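Architecture at a glance
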Amino acid sequence: MGFLTFPLFLFFTVICAERNGPIQTFVIPHSHMDVGWVYTIQESMHAYAANVYSSVTEALTQNKQRKFIAVEQEFFRLWWDSVATDKHKKQVRQLLKESRLEFIIGGQVMHDEAVTDLDDEILQLTEGHGFLYETFGVRPRFSWHVDPFGASATTPVLFALAGFHAHLISRIDYDLKDVMQKSKKLQFVWRGSPSLKEQQEIFTHTMDQFSYCTPSHLPFSNSSGFYWNGVALFPDPPKNGIYPNMSLPVTKETLHSYAKTMVQNIQQRAAWFRTNHVLWPWGCDKQFYNSSVQFANMDPLVEYINQNSKEFGVTVQYATLSEYFQAVHQSNLTWEVRGSEDFLPYSTEPFQAWTGFYASRNVLKGIARRASSQLHAAETLFTRYRVSYPDGPVPKEEALQKLKALRWAVSEVQHHDGITGTESPKVSDMYIEHLTQAMMGVEELLAALFLLPQTLGTASSHQDLEQHIIVYNPLAWNTTAIINVTVTLPMATVFDDQGQAIPAQTQSSADSNTTYDLFIVVNLGGLQHRKYLIKFSEKPGKEGSSTHHAWVVSFKRLNVSQELKTGRRLLPVLNECYKIMLDQDTNLLHSITDRHEKRTVRMSQDFWEYQVNGNVSAGPISDNYIFSANGSAVRAYKAVKMEIVPGKIVTEIRQYFYREEADEDYTYSVTTRIPQSFPSGRLCYRLEQSYSLGPLVVNTEAVLRIKTSLKNNRTLFTDDNGYQMMKRPSRTFVNDTVARNYYPMVRMAYIEDDSSRLVLLSERAHGASSQSEGELEVMLHRRLWNNQEWTLGYNLTLNDSSVVRPVLWMTLGSLAATSLYQREALELQHRPVVIDFLLDGTVAKKEPRTGSPIRPVVLPDNLHLLTLSVPGWFYNSNHTLHLRNMETGTPGSTQPDYDRVLLRIMHLYEKGEDPVLSQPSTINMKEVLRGMGEVRVLEERSLTGTWDISDLQRWKWKASEDPGRGESGSSVGVRGEFNVTISPKEIRTFFVYFKLK
């Protein structure tokens, strides 16, 4: 660089004069430890991760100046439980007491920020915080989100609610980071929620262009620098301790050159920040597994720079992250405010938009979200069970173990190389195995919770003609839903728990020639379950039966590869809310009319493909991270077949798309279910669409493209992690405009004009875009291969040959009619749970009809019961008593508390979003929860439960004023008070203690 052409001492003198004093450098030792990615967790533990914590503990104990930050908890917990000796554990506790080992973030993983759901982000953070607090009594106060691929505006809100003083990010658009560096705006106060504003603002530090890894280039040597322990070796660590690529050692001969190199980098970084404090990360991926070698080289370097600090204009110290942020906070500067904008999408170069991973490994994304939904259902049901049957037949210890296993698996996959789909195939298989095994355990628990409290009897002699089911509503709202039960006989009558026949419909299954779909209309209160009896018959039922059998009407397969005249022969499919017009010349959708508003929107819906490059020598490539469109998308089919199944509960439209006209097997399909016999309300407007895509051709990215007559100005709205909606206006770039206009769609996306809104709700994450006027495009599947050496070496090519089957709910209507999309998204995510009422050849005896059903738990429409669980933590919720119990080893401090209930309630709406639903809601917690039992004690806590809210104090940062500053939030809860006011977008967390029955 230019400044190296004149004497070093003169350069340092000039810089120091400008900066008014020496630069204080905080060297922060760390190891970035991916919970997955290339290697499985077991492989990483064996090769390096266990050695990180063992060797760091030993190295810090040997020298009082050394420090280290520990970030992800999964590896640490595995080390603590299965590797650490008693001596190690004693040393860790002492290092924490001396503030030389610091836990940062404290979550189970460093979660992704683009495709993760709010529920799961909170879960993984809570899992880690609960372990740290009950084990050490510590509560993390800072974040270190250095590697997620873009930064969501939800994350700073959650970290503020968890009690963090400051937030740290790194991966943002390369061009934006360059501007922020030059203008010294890498640090700011972030108000991630437009409704909460300064109530949950947080100071945010953006890492500079060097990010979290120490620059390894040495201008005085061909060897690397600062990575003295080399590169981790897989599958086994070397027995002689000699690792590949160990950096040039610090010796008498190299000491001064090393110091000059380090100081020059410090000076370069200092120019990008406003204070005299430089954060200098020392470490990178898989580092410090041989900490004694690391520190043995860095110790003399730190000492030498400090001995010559006047000449260098720099002081250097080992530090924790809290020390750095404390120094910046004490500078007492006024910081620029950033509103609710996020840093998505993320690009590293002109043709490297990291928007492909929004759709990578669709199967894994789906399983992860299903596991999360199952966990929510099981947590709420077990909590109800514990309150109602504290000494019931389901062993509480066994139940908690099954729940903990699924909590661990769901938390683990939120890692930024997990649910993103950016990992190797064997790691993806590992995540799926952990999830499915834990789900099997929880499925057994659900069955036990439903069945064991009942009186069991001998199975009916006609059990082959009967099927008993239980349907559970895991949400705290009353609901009417249509459930689908797979059966083997076409004739059935369904009875509710009062013995009344209820509306149902049977039809041939689209997925099997040997089974049938049985659709049942169920009405359930909040957190309520009901039993249903299905009686089968081998003969058609009597006229007027409550069950309708629907027949399939088939339409001829049509060639649509050529431009055809459309709109001449339209076939209507109606329900009380919609008139859906299908084009009989193409078998495709033509238009949808909102019958209530008498408004028609032209609409087509089909599948397109981006055919992308896999040869690095031929241009930009797509990979598991990056989407690089090689031109416009092309139509993915040449022929379409259609079937319609007209029904009294559901009318089904089945469309099959064939890549070639003569193909026997279809590549794509969509099944649209249109509810019937619901004159108004949300169910009437809900179109459920199930898709099938694949196997794809290699180097293909498949999208669902919906073209409408809406005038949306190519503006899209997508959610940040299911928490808040973000406006995504179309942007134009010199390069890569298509890919850089893709955004993550975790729960929902919509386009709108002044009259109508088209909403898509999703049960797993996808990528979404509006590439043209009136279009909404969703990337559903990817199959890629490239010849990049790095990708091939790590087996990260994403050659995904699977068939994926995502589900979307589609709603079209006025802005008022579609305003409940937040609740609708939750109803898709947490659909009623159906359990076969059959256990080891026995069925429950029928309850007396006079028995009263379980009482519901119902919240107002704008509030959502985010969490209801028995976490089973050991710790006393009084911090002073908890610390005293830890020191004295008081009996009970290591036993799970089965009576403490963790409850979170979230307000779904933004300020000003809706004239009624955006108002604060005041509820009496005793009354709301009376359906479960009598509330004795209510304690308000921080988001992850480790702080009593009245004790939680966060640093105040001076921020430039804006019109929103000074607005008051909701009232703060106090122990024992039961009236709670929840304001827009608030998430409030409580410990609840019930009077046990």
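What you see is a predicted model; the values in this text were computed from it and never measured.

Looking at the overall build of the protein chain
- Looking only at helices and strands, the protein chain has 20 helices and 47 strands in total.
- Computed over its C-alpha atoms, the radius of gyration of the protein chain comes to 30 Å, within 12% of the 30 Å expected for a compact globule of 997 residues.
- Viewed in the frame of its principal axes, the protein chain has a C-alpha envelope of about 100 × 70 × 60 Å.
- Within the protein chain, buried positions represent 62% of all 997 residues.
- In the protein chain, of all internal contacts separated by at least 6 residues, the share reaching a separation of at least 24 is 77%.

A few points about the nonpolar core
- Counting residues in each nonpolar core, the largest one holds 202 residues, and the members touching the most others are Trp144, Phe226, Met262, Trp282, Met298 and Ile987.
- Excluding residues within four positions of it along the chain, Trp144 makes contact with Ile28, His30, Ile69, Val71, Ile104, Ile105, Met110, Leu168, Met207, Leu279, Pro281 and Leu321.
- Core analysis: the next-biggest nonpolar cluster, separate from the first, contains 53 residues, Leu589, Val650, Phe678 and Leu704 among them.

Side note on the sheet that holds strand β1 (residues 23-29)
- If you walk across this open sheet you meet the three strands as β7-β1-β8, and the pairing is parallel. Of all the strands in the sheet, just β7 (277-282) and β8 (314-318) have a single pairing partner and so form its edges. When strand polarity is set aside, the average angle formed by the axes of neighbouring strands in this sheet is 25°.
- Across six bridges, the pairing between β1 and β7 is parallel. Bridge assignment links Ile28 to a residue of β7, and that residue is Pro281.
- This element, helix α8 (residues 255-270), spans β1, β7 and β8 of the sheet and lies at about 130° to β7.
- Against the sheet, helix α9 (residues 291-307) engages β1, β7 and β8, with an angle of about 150° to β8.

Concerning the state of the cysteines
- Within the structure shown, the criterion is met by two disulfides.
- At a sulfur-sulfur separation of 1.9 Å, the disulfide partner of Cys213 is Cys284. Residues Cys213 and Cys284 share a disulfide whose torsion about the S-S bond is about 65°; that sign makes it right-handed. Here Cys213 is found in the loop between β6 (202-206) and α8, whereas its partner Cys284 is found in the loop between β7 and α9, with 71 residues between them in sequence. Each member of the pair, Cys213 together with Cys284, is buried.
- Covalent S-S linkage joins Cys577 and Cys684, the inter-sulfur distance amounting to 1.8 Å.

Thoughts on the UniProt feature "domain: Glycoside hydrolase family 38 central" (unreviewed entry) in the protein chain
- Taken from the UniProt record, the annotation "domain: Glycoside hydrolase family 38 central" (unreviewed entry) applies to residues 352-435.
- Note that residues 352-435 is 65% helix and 2% strand, and that its end C-alpha atoms are spaced 32 Å apart.

As for the packing of helix α3 (residues 73-82) against helix α5 (residues 118-136)
- Put simply, α3 and α5 touch, their axes get as near as 10 Å, and they point 40° apart. As far as their axial angle goes, α5 and α3 are oblique. As for how α3 packs across α5, the hand of that crossing is left-handed. On α5, the residues touching Gln73, Phe76, Arg77 and Trp80 of α3 are Glu127, Gly128, Phe131, Leu132, Thr135 and Phe136.

Things to note about the side chain of Thr154
- With respect to the helices and strands, Thr154 occurs in helix α6 (residues 154-161).
- Residue contacts for Thr154: discarding those within four places in its chain leaves Leu118, Glu121, Asp720, Asn721, Tyr723 and Gln724.

Some details on the sheet that holds strand β45 (residues 934-941)
- With respect to topology, four strands assemble into an open sheet ordered β42-β43-β47-β45, the strand pairing being antiparallel. Two strands bound the open sheet, and with one partner strand each, they are β42 (863-869) and β45. Each neighbouring strand pair of the sheet contributes to a mean axis angle of 30°, computed without reference to strand direction.
- One ladder, built from seven bridges, connects β45 with strand β47 (residues 987-995); its direction is antiparallel. From the neighbouring strand, Leu938 faces β47, where its bridge partner is Val992.
- Packed onto the sheet, helix α12 (residues 362-388) meets β42, β43 (900-907) and β47 and runs at close to 70° relative to β42.

As for the pattern of salt bridges
- Within the structure shown, the criterion is met by 49 salt bridges.
- The partner of Arg728 in a salt bridge is Asp342, with the nearest N and O atoms 2.9 Å apart. Of this pair, Arg728 sits in strand β33 (residues 724-728) while Asp342 is found in the loop between β9 (337-338) and β10 (347-349), placing the two residues 386 residues apart along the sequence.
- Look at Arg728 and you get buried, because its relative accessible area is 4%.
- In this structure Asp342 comes out as buried when scored by relative accessible area, which is 10%.

Let's talk about the pairing of strand β22 (residues 570-574)
- In terms of strand pairing, β22 meets strand β23 (residues 578-583) through five bridges, oriented antiparallel. When the sheet's bridge partners are listed, Leu574 is paired in β23 with Lys579.

Quick word on the environment of Leu808
- Considering the arrangement of structural elements, one finds Leu808 in strand β39 (residues 807-813).
- Between the C-alpha atom of Leu808 and that of Gln689, which follows or precedes it by 119 residues, the distance is 5.2 Å.
- Leaving out residues up to four positions away in the same chain, Leu808 has contacts with Leu687, Glu688, Gln689, Tyr691, Leu704, Met745, Leu760, Leu761, Ser762 and His766.

Focus on the pairing of strand β44 (residues 921-924)
- On β44, burial follows the alternation: Ser921 and Ile923 on one face are buried, whereas Thr922 and Asn924 on the facing-out side are not.
- Relative to strand β46 (residues 979-982), β44 runs antiparallel, the two being bridged by four bridges. Following the sheet pairing, Thr922 is matched in β46 by Thr981.

Let's talk about the environment of Val697
- Note that Val697 resides in the loop between β30 (687-693) and β31 (700-708).
- Overall, Val697 belongs to the partly exposed group, its relative accessible area being 42%.
- Spatially, the C-alpha atom of Val697 lies 31 Å from that of Val645, the residues being 52 residues apart in sequence.
- Aside from chain neighbours lying at most four places away, what touches Val697 is Arg659 and Arg783.

Re the packing of aromatic side chains
- With the rule as written, the count across this model stands at 65 aromatic pairs.
- Arranged with centres 4.9 Å apart and planes meeting at 80°, the rings of Trp282 and Phe288 form a pair that is edge-to-face. Accessibility assignment for this pair places Trp282 and Phe288 in one class, buried.
- An aromatic cluster of three or more residues is present, and its members are Phe68, Phe220, Phe226, Trp228, Tyr258, Trp280, Trp282, Phe288, Phe295 and Tyr318.
- It is Arg139 that lies over the ring of Trp947; its NZ or CZ is 3.4 Å from the centre.
- Seen from the ring of Tyr898, Lys396 lies directly overhead, with NZ or CZ sitting 5.3 Å from the centre.

Examining a nonpolar patch on the surface
- Where nonpolar side chains cluster on the molecular surface, the patch consists of Val697, Val698, Trp785 and Leu792 and spans about 320 Å² of accessible area.
- The topology assignment puts Val698 in the loop between β30 and β31.

So, α3
- Along α3, seven of the 10 residues are buried, which leaves the element largely enclosed by surrounding structure.
- Those residues of α3 that are buried lie in contact with α2 (41-62), α4 (86-97), β3 (101-103), α5 and α13 (396-412).

What counts, and where the lines are drawn
- Residues numbered from 1 in each chain as written.
- Predicted model: local features only at pLDDT ≥ 70, side-chain atom pairs only at ≥ 80, totals over all residues.
- Heavy atoms only, no water.
- Helix = DSSP H or I, 4+ residues; strand = E, 2+ residues; numbered from the N terminus.
- Rg over C-alpha atoms; globule rule 2.2 N^0.38 Å.
- Buried < 20%, exposed > 50% of the residue type's maximum accessible area, 1.4 Å probe, protein only.
- Contact = heavy atoms within 4.5 Å.
- Core = buried A, V, L, I, M, F, W, Y, C linked by side-chain atoms within 4.5 Å.
- Pairing = 2+ DSSP bridges.
- Axes fitted to C-alpha atoms, helices over the stretch in contact; angles between N-to-C directions.
- Disulfide = S-S within 2.5 Å.
- UniProt positions renumbered as here; feature names shortened; annotations may be inferred.
- Parallel < 35°, antiparallel > 145°, perpendicular 65-115°, else oblique.
- Left-handed = near helix turned anticlockwise from the far one by under 90°.
- Salt bridge = Lys/Arg side-chain N within 4 Å of Asp/Glu carboxyl O.
- Phe/Tyr/Trp six-rings, centres within 6.5 Å; stacked < 30°, edge-to-face > 60°.
- Lys NZ or Arg CZ within 6 Å of the ring centre and 35° of its normal.
- Patch = residues over 30% accessible without salt bridge, like charges linked within 9 Å, V, L, I, M, F, W, Y side chains within 5 Å.
- Areas by Shrake-Rupley, 256 points an atom, 1.4 Å probe, with all protein chains shown as cover.

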